[in-house]
Amino acid sequence: MHLFGSTSLLPFLSATKGCKTNTTPFFSRGIKAITLIQRLARIMSGSTGSMMVDEDHVQQIELLTGTPDSFGGVSVEIKDPMDSNLFGDLLRASISQWKQKSYIMPQERVRSEGYSEGETSPSRGGQCYSFTRNCGVSGGTRGVWIKLPIQHANLVEAAVKQGFWYHHAEPDYLMLAHWIPNTAHSLPANASHRVGIAAFVINSKGEVLVVQEKNGIFKGTGVWKLPTGVVNEGEDICTAAMREVDEETQVKTEFVEVLAFRQSHKSFYNKSDLMFVCMLRPLSSEIQKQDEEIEAAQWIPIEEYAAQPFVKKNPIFDSVANVCIAKKDGKYTGFSTLATTTRSGKTSTLYFNNQDLKQPLSSDNQA
């Protein structure tokens, strides 16, 4: 008989010798309960309450389910409701096991990540990767990721107490991270940039589509500006430019080129910002402004847009206006698009200067 320092793990103890646990890709076989109980008893010696566990009736205990990643880490996604105290106990015990465990990566995943047999890749977190005929084997676990859906927010404090920190959040979940080795961590940071577009829509008359905004820094200034907006997750830059023009003015367009892009820092919530200036060709001319965000919209000669005092006094706006005029006059070439596909089958878009290219590119090329 063993004295175990918490009743919270009772539902996770097998009732008989012959019962099984649900093994995961992380654990190649079950963990003997007696060894784990002794370990848990030591780390939980300060907890209140106790229970007697019969060695003859306990064989295995199930820890948190972990899935290995390509960089010596493991990811955990919490899907079912759980008591926060129980979660803290399981997390502590799981970290103890992760410190000692190596993981096995299926051969097809090794290949899909771009590795070849016997490859060593210091560029991928300093970790060496190799694989046998059936699997890829890496060193011990280093980073741990926990994805907590918003309905399991009660578990955040327990994770933080075990050394986890906030990595990023989305509307429906929080991602927590932990670094096991006693070294500076090499986990990738959260997304550093927000991506936006500015749409340069010019018609055959040399007129540019401009708007005045109801909100933001341009509210009430009388400044005519290019339609702008933020690129959505999973949306191409060229598609975002056409969408924003349609939303703000209902003018239909087709993408021509990326003329330039601007990078700035300490912008939206201290993130850096990338703004792509996209040239679009109008397919319609009638304007129906979006009442919620747009005060006014019209077509004006591009020279009139560029001559505005605000544009002239701001170097970035003045430079963009000059690039647009140069494009109108046939003195500038931007970046066209080429749809490509990666080795894993994902679609990708290449932006390049096709005028100065000495040989043609095919959409069949692989990125």
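Each remark here, short or long, concerns the structure printed above.
Residues numbered from 1 in each chain as written. Predicted model: local features only at pLDDT ≥ 70, side-chain atom pairs only at ≥ 80, totals over all residues. Heavy atoms only, no water.

Visitor: Mind showing me how you'd approach the pattern of salt bridges here?
Guide: Side chains that carry opposite charge are capable of pairing whenever their charged atoms lie near each other. Applying the stated criterion across every chain yields a total of 15 salt bridges. When the shortest N-O distance is used, the salt bridge between Asp-246 and Lys-252 registers 2.8 Å. A relative accessible area of 44% means that Lys-252 is categorised as partly exposed. Put simply, Arg-262 and Asp-273 hold a salt bridge, and the shortest N to O gap is 2.8 Å. With Arg-262 in strand E16 (residues 253–264) and Asp-273 in strand E17 (residues 272–282), the pair connects residues that are eleven residues apart, well separated along the chain. The exposure class of Arg-262 is partly exposed, given its relative accessible area of 26%. Members of the salt-bridge network, linked through shared partners, are Glu-235, Arg-243, Glu-244 and Glu-247. (Salt bridge = Lys/Arg side-chain N within 4 Å of Asp/Glu carboxyl O. Buried < 20%, exposed > 50% of the residue type's maximum accessible area, 1.4 Å probe, protein only. Helix = DSSP H or I, 4+ residues; strand = E, 2+ residues; numbered from the N terminus.)

Visitor: I tried to follow helix H8 (residues 315–328) on my own but got confused; where do I start?
Guide: Owing to its 3.6 residues per turn, the α-helix brings residues three or four apart onto one side. Taking 1.5 Å as the rise per residue, H8 with 14 residues should run 20 Å; its terminal C-alpha atoms sit 20 Å apart, in good agreement. Those residues of H8 lying buried are Asp-318, Val-320, Ala-321, Cys-324, Ile-325 and Lys-327. Along its buried surface, H8 packs onto strand E13 (193–201), E16, E17, helix H6 (302–306) and helix H7 (309–313). Looking one or two residues beyond H8, the residue adopting positive phi is Gly-330, at roughly 75 degrees. (Expected span 1.5 Å × (residues − 1). Contact = heavy atoms within 4.5 Å.)

Visitor: Would you explain the sheet that holds E17 in this entry?
Guide: Strand-to-strand pairing in sheets goes through backbone hydrogen bonds, with the strands running parallel or antiparallel. On the basis of which strands lie adjacent, the open sheet formed by four strands has the order E15-E13-E17-E16 and mixed pairing. Whereas interior strands pair on both sides, the edge strands pair on one side only; in this sheet they are strand E15 (228–230) and E16. Neighbouring strand axes in the sheet, compared pairwise and without regard to direction, differ in orientation by 25 degrees on average. The sheet contact formed by E13 and E15 spans three bridges and is antiparallel. Looking at E15, one finds that Ile-197 is bridged to Gly-229. Running at roughly 60 degrees to E13, helix H5 (residues 237–249) makes contact with E13, E15, E16 and E17 of the sheet. (Pairing = 2+ DSSP bridges. Axes fitted to C-alpha atoms, helices over the stretch in contact; angles between N-to-C directions.)

Visitor: I tried to follow the sheet that holds strand E6 (residues 73–77) on my own but got confused; where do I start?
Guide: An order of E5-E6-E10-E12-E11 is seen for the five strands of this open sheet, with the pairing classed as mixed. Strand pairing shows two members of the sheet lacking a second neighbour, strand E5 (67–68) and strand E11 (165–170), which therefore form its edges. Two strands pair when backbone bridges link them, and E6 and strand E10 (residues 143–149) are joined in this way by five bridges, in the parallel orientation. If you follow Val-76 over to E10, its bridge partner there is Ile-146. Each of E6, E10 and strand E12 (173–179) touches helix H2 (residues 84–98); the most contacted strand, E10, lies at about 155 degrees to it.

Visitor: Help me understand the packing of aromatic side chains in this model?
Guide: Scanning the entire structure with this criterion turns up five aromatic pairs. Ring centres of Phe-218 and Phe-310 lie 5.3 Å apart, and the angle between their planes is 80 degrees; on these two criteria the pair is classed as edge-to-face. Taken as a pair, Phe-218 in the loop between strand E14 (207–213) and E15 and Phe-310 in helix H7 lie far apart in primary sequence, 92 residues in all. One aromatic cluster in this structure is built from Phe-218, Phe-310 and Phe-317. Above the plane of the ring of Tyr-173 lies Lys-147, whose end atom (NZ or CZ) is 4.6 Å from the centre. (Phe/Tyr/Trp six-rings, centres within 6.5 Å; stacked < 30°, edge-to-face > 60°. Lys NZ or Arg CZ within 6 Å of the ring centre and 35° of its normal.)

Visitor: Whenever I open this one, unusual backbone geometry confuses me. Can you help?
Guide: Apart from glycine, the bulk of residues carry a negative phi angle, and the bulk of peptide bonds sit in the trans form. A positive phi is found at Gln-250, a non-glycine position, where the angle reads about 60 degrees. Structurally, Gln-250 is set in the loop between H5 and E16. Phi is positive for Lys-266, which is not a glycine, with a value near 55 degrees. Within the secondary structure layout, Lys-266 lies in the loop between E16 and E17. Exposure remark for Lys-266: the relative accessible area of 64% places this residue in the exposed category.

That is the geometry; function is a separate question.
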